[in-house]
Amino acid sequence: MLKFEPKIVKLKNGKLVTIRQAEIDDAEKLLACIKTYIPQSNYIPKLEQEIKLTIEQEKEWINSFLKNENSLLLVAEYENEMIGNIDLTGNGRKIMEHTAVIGMGMLIEWRNLGLGSSLLKAIIDWAKQNPILELVWLQVYLENELGINLYRKMGFEENGVMKNFFKHGDKYFHNLTMTINVK
């Protein structure tokens, strides 16, 4: 199993943030963080009332990343507070196990400070060292220009748009798939 070495990164606001692999004991703090940032985001395709995980289920979710060799869950902490996370979920099917999808979120007050770049860099670097992974992908709202620019900066390429993929009320949003080769 490929380990992740914790990293301390300095953000644009001068604060030092620790990026490390999630542990089962993080379940309660991580769940609270996710429940806070999902309603703060216009670009996470999940509604607040859809977050029904119990702490026990959150522990199981974290454990799935600890068990699967092509998956990694990282958390970002500042002064012992969870401020964001990124997950790389490797495909469980043998024929697609060389692929993994990224999901990321952070508290609103930590956005546009370089945390997203730091989390993405950490997970891509790990994926490049992982002997199983070859292709990492993500989905992003086409309207999320900041996110798309970040992903391009990190080396992701656009692969296609699914129109009207997300629906909020009576408004539709397009979904852009982006990939990066890690081998």
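Worth saying up front: this structure is predicted, and the values here are computed from it rather than measured.

Peer 1: Would you take a moment to explain unusual backbone geometry for this structure?
Peer 2: Even without being glycine, N80 reaches a positive phi, approximately 70°. Topologically, N80 is positioned in the loop between β3 (72–78) and β4 (81–90). Assessed through its relative accessible area of 51%, N80 is described here as exposed. In this structure, N164 is a non-glycine residue whose phi angle is positive, near 55°. With respect to the helices, strands and loops of the structure, N164 is situated in strand β7 (residues 157–168).

Peer 1: Help me understand the packing of helix α1 (residues 27–40) against helix α2 (residues 55–67) in this model?
Peer 2: Packed helices, taken two at a time, are described by their axes: the angle between them and the distance between them. The contact between α1 and α2 brings their axes to 9 Å, and the two run at 100°. Classified by the interaxial angle, the pair formed by α1 and α2 is roughly perpendicular. On α2, the residues touching A27, E28, L30, L31 and I34 of α1 are I55, E58, K59, W61 and I62. In the contact of α1 with α2, the residues fall into seven nonpolar, no polar and three charged.

Peer 1: Honestly, the pattern of salt bridges in this entry has me stumped. Any pointers?
Peer 2: Two side chains that carry opposite charge are able to pair once their charged atoms sit near each other. Within the structure shown, the criterion is met by five salt bridges. Measuring nitrogen to oxygen at the nearest pair gives 3.0 Å for the salt bridge that ties E77 to R20. Taken together, the positions of E77 in strand β3 and R20 in strand β2 (residues 16–21) put the pair 57 residues apart, joining distant regions of the chain. Relative accessible area serves as the criterion here: at 12%, E77 is assigned to the buried category.

Peer 1: Just to check I follow, could you spell out the pairing of strand β6 (residues 135–141) for this structure?
Peer 2: Remark: a regular strand shows side chains that alternate across the two faces of the sheet. Bridge count between strand β5 (residues 99–106) and β6: three bridges; the pairing is parallel. Across the sheet, the residue bridging to T99 is L135, located in β6. Chirality of the crossover, the property in question, places the unit of β5, helix α3 (residues 115–129) and β6 among those that are right-handed. Of the strand pairs in this sheet, β6 and strand β8 (residues 171–181) are connected by seven bridges, and their pairing is antiparallel. Its bridge partner being in β8, W137 is matched across the sheet by T179.

Peer 1: Please explain the nonpolar core as it appears in this structure.
Peer 2: Note that soluble globular proteins tend to have their nonpolar side chains buried in a common cluster. Grouped together as the largest cluster of nonpolar side chains are 54 residues, with contacts concentrated most on V17, L88, I102, W110, L115 and F156. Of the residues forming this core, the biggest block, eight residues, is contributed by α3. Setting aside residues up to four positions removed in sequence, F156 forms contacts with I102, L120, I124, V136, L138, Y151, M178, T179 and I180.

Peer 1: Would you mind going over the packing of α3 against helix α4 (residues 145–153) with me for this structure?
Peer 2: Where α3 meets α4, the closest approach of the two axes is 11 Å, and the angle between their N-to-C directions is 40°. In terms of orientation, α3 and α4 fall into the oblique class. Two packed elements cross with a definite hand, and for α3 against α4 that hand is right-handed. Here G116, S117 and L120 of α3 lie close against α4, whose contacting residues are L150, Y151 and K153.

Peer 1: Please clarify how the sheet that holds β5 should be interpreted in this entry.
Peer 2: Backbone hydrogen bonds hold the strands of a sheet together, and the pairing may be parallel or antiparallel. Read from one edge to the other, the open sheet built from eight strands follows the order β1-β2-β3-β4-β5-β6-β8-β7, with strand pairing classed as mixed. Of all strands in the sheet, those bounded by a partner on one side alone are β1 (7–10) and β7. Averaged over all pairs of adjacent strands, the angle between their axes in this sheet comes to 25°, without regard to strand direction. Summarising the sheet, β3 and β4 pair through seven bridges and their orientation is antiparallel.

Cut-off values and rules
Going along each chain's sequence as written, the residues are numbered from 1 onward. Since the coordinates come from a predicted model, pLDDT governs what is reported: local features require at least 70, and pairs of side-chain atoms require 80 or more to be given and counted, while whole-chain, interface and lining totals use all residues. Hydrogen atoms and water are omitted, and side-chain values are computed over all heavy atoms in the structure. Secondary structure elements are taken from DSSP: a helix is a run of H or I of four residues or more, a strand is a run of E of two residues or more, and numbering for both begins at the N terminus. Relative accessibility under 20% of the residue-type maximum defines a buried residue, over 50% an exposed one, and the middle range a partly exposed one, all with a 1.4 Å probe and only protein chains included. Geometry is summarised by axes, namely lines fitted to C-alpha atoms with helices restricted to the contacting stretch, and by angles between N-to-C directions that run from 0 to 180 degrees. Orientation is classified from the angle alone, with under 35 degrees giving roughly parallel, over 145 giving roughly antiparallel, 65 to 115 giving roughly perpendicular, and any other angle giving oblique. Any two residues whose heavy atoms approach within 4.5 Å at even a single point are treated as in contact. By the convention adopted, Pro, Cys, Tyr, Trp, Phe, Met, Ile, Leu, Val and Ala count as nonpolar, Lys, Arg, Asp and Glu as charged, and the other residues, Gly among them, as polar. The salt bridge definition used is simple: a Lys or Arg side-chain nitrogen within 4 Å of an Asp or Glu carboxyl oxygen. By this definition, two strands are paired if DSSP reports at least two bridges between them. By definition, the crossover connecting two strands over a helix is right-handed if that path, from the first strand to the second, turns clockwise as seen with the strands pointing away from the viewer. The definition of a nonpolar core used throughout is a set of buried Ala, Val, Leu, Ile, Met, Phe, Trp, Tyr and Cys residues joined through side-chain atoms within 4.5 Å. Definitions for this section: a left-handed crossing has its near helix turned counterclockwise from the far helix by less than a right angle. A right-handed crossing has that turn clockwise.

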